[in-house]
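Inside the fold
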Amino acid sequence: MLVGERPVVIAVCGCPGAGKTTIASATAGRFGIPFLTRDEIKTGLGLSFASASVAEDGRVRLDRDFHVAGGSVSRRAEAVMVDAVRLLAASGVSFVVESSVLSRELLGVLLACHARVLAVHVVAQEAVIGRRLGARAAEGGAIDQQLLSLFRRGEMKPSIFEPPEGVDAVVEIDTSEQGARAIETIVAAVVALLGPSRTGGGSLPIDPATNHRPEPAGNWRPGQSVESLRLS
């Protein structure tokens, strides 16, 4: 666990298909901290009696509103996630939160709770994202098919998913070649964000997974919200 007076929040964002959920889940597992993702909250909302039914083949069938990107269920999921973020951060809990776009409202809640925010911007080459979205859409998911259509029409511009200004630091992770150092880079960034231990004479906190003190990687520096580290 990350322990301190101010929680550390690792906010993962990026274009659908870039690999942000994989990165976010692995990061939460590495630190042993909670993981919030809007997609799972949305699915939970979709399973309410008002939105779901059982099809003839026995599968759960979600209401058509569930499949509308940016629709009422999506907006409600965002509101629920913001409330959960507020509760955790105000309680001093460090956690990972993942959403394609880190909204101004979400960031405002984190700043109001005095959280230290590391934004992890997950990116990938356009061709790689296209292949991933195509593979998902081929499985028949309505939302995945919508996303693929938006991507092919050029309506998912990279600038839409960039972290907002105001975070403490940004790390950019490129998953195009499945960089093995992605999680280690995030760990090093968190360690640098935490800063010297109050009682350790300037020593860094111990990485809970490897039991050693990782050094900040690349050209990343704490307090520089535009500085990024690219992995190939």
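Residues numbered from 1 in each chain as written. Predicted model: local features only at pLDDT ≥ 70, side-chain atom pairs only at ≥ 80, totals over all residues. Heavy atoms only, no water.

Secondary structure summary: the protein chain contains 7 helices and 7 strands in total. From first element to last, N terminus to C terminus, the protein chain shows the α and β order β-α-β-α-β-β-α-β-α-β-α-α-β-α. Classification of the 232 residues of the protein chain by burial places 45% in the buried group. Carbon and sulfur atoms provide 52% of the accessible area of the protein chain, an area that totals close to 12,100 Å². (Helix = DSSP H or I, 4+ residues; strand = E, 2+ residues; numbered from the N terminus. Buried < 20%, exposed > 50% of the residue type's maximum accessible area, 1.4 Å probe, protein only. Areas by Shrake-Rupley, 256 points an atom, 1.4 Å probe, with all protein chains shown as cover.)

Turning to the sheet that holds strand β7 (residues 169-174), a few remarks are in order. The strand order β2-β5-β1-β6-β7 describes an open sheet built from 5 strands, whose pairing is parallel. Either end of the sheet is taken by a strand with one partner, and the two such strands are β2 (35-37) and β7. Strand after strand, the sheet turns through a mean of 20 degrees between neighbouring axes, direction not considered. (Pairing = 2+ DSSP bridges. Axes fitted to C-alpha atoms, helices over the stretch in contact; angles between N-to-C directions.)

Turning our attention to the environment of A11. The residue A11 is located in strand β1 (residues 8-14) in this model. Classification of A11 as buried rests on a relative accessible area of 1%. With 86 residues separating them in the primary sequence, A11 and V97 have C-alpha atoms 4.9 Å apart. Leave out the neighbours within four places in its chain, and A11 touches V97, L102, V117, L118, A119 and V120. (Contact = heavy atoms within 4.5 Å.)

Restricting attention to buried positions, one finds in helix α6 (residues 142-152) the residues L147, L148 and F151. Angular distribution of buried residues about the axis of α6 spans 100 degrees; they occupy a single face of the element. In the core, the buried residues of α6 are packed alongside α5 (126-137). Just downstream of α6 lies G154, where phi reads positive at about 75 degrees. (Arc of directions from axis to C-beta.)

Here the focus is the pairing of β1. For β1, the tally of buried residues reaches 7 of 7 residues, placing the bulk of the element in the interior. Burial of the side chains of β1 extends over both faces: V8, I10, V12 and G14 are buried on one face and V9, A11 and C13 on the other. Bridge count for β1 against strand β6 (residues 116-123) is 7 bridges, and the pairing is parallel. From the neighbouring strand, I10 faces β6, where its bridge partner is L118. Pairing of β1 with strand β5 (residues 95-98), which is carried by 4 bridges, proceeds in the parallel orientation. In the sheet register, I10 faces β5, and the bridge partner there is V96.

Further remarks concern the pattern of salt bridges. Going through the model one piece at a time under the given rule, you end up with 5 salt bridges. Here R86 ties to D83 by a salt bridge, and the two come within 2.8 Å at their closest N and O atoms. With a gap of 3 residues between them, R86 and D83 both fall in helix α3 (residues 72-90), about one helical turn apart. Classification of R86 by relative accessible area gives partly exposed; the value is 35%. Given the relative accessible area of 45%, D83 is considered partly exposed. (Salt bridge = Lys/Arg side-chain N within 4 Å of Asp/Glu carboxyl O.)

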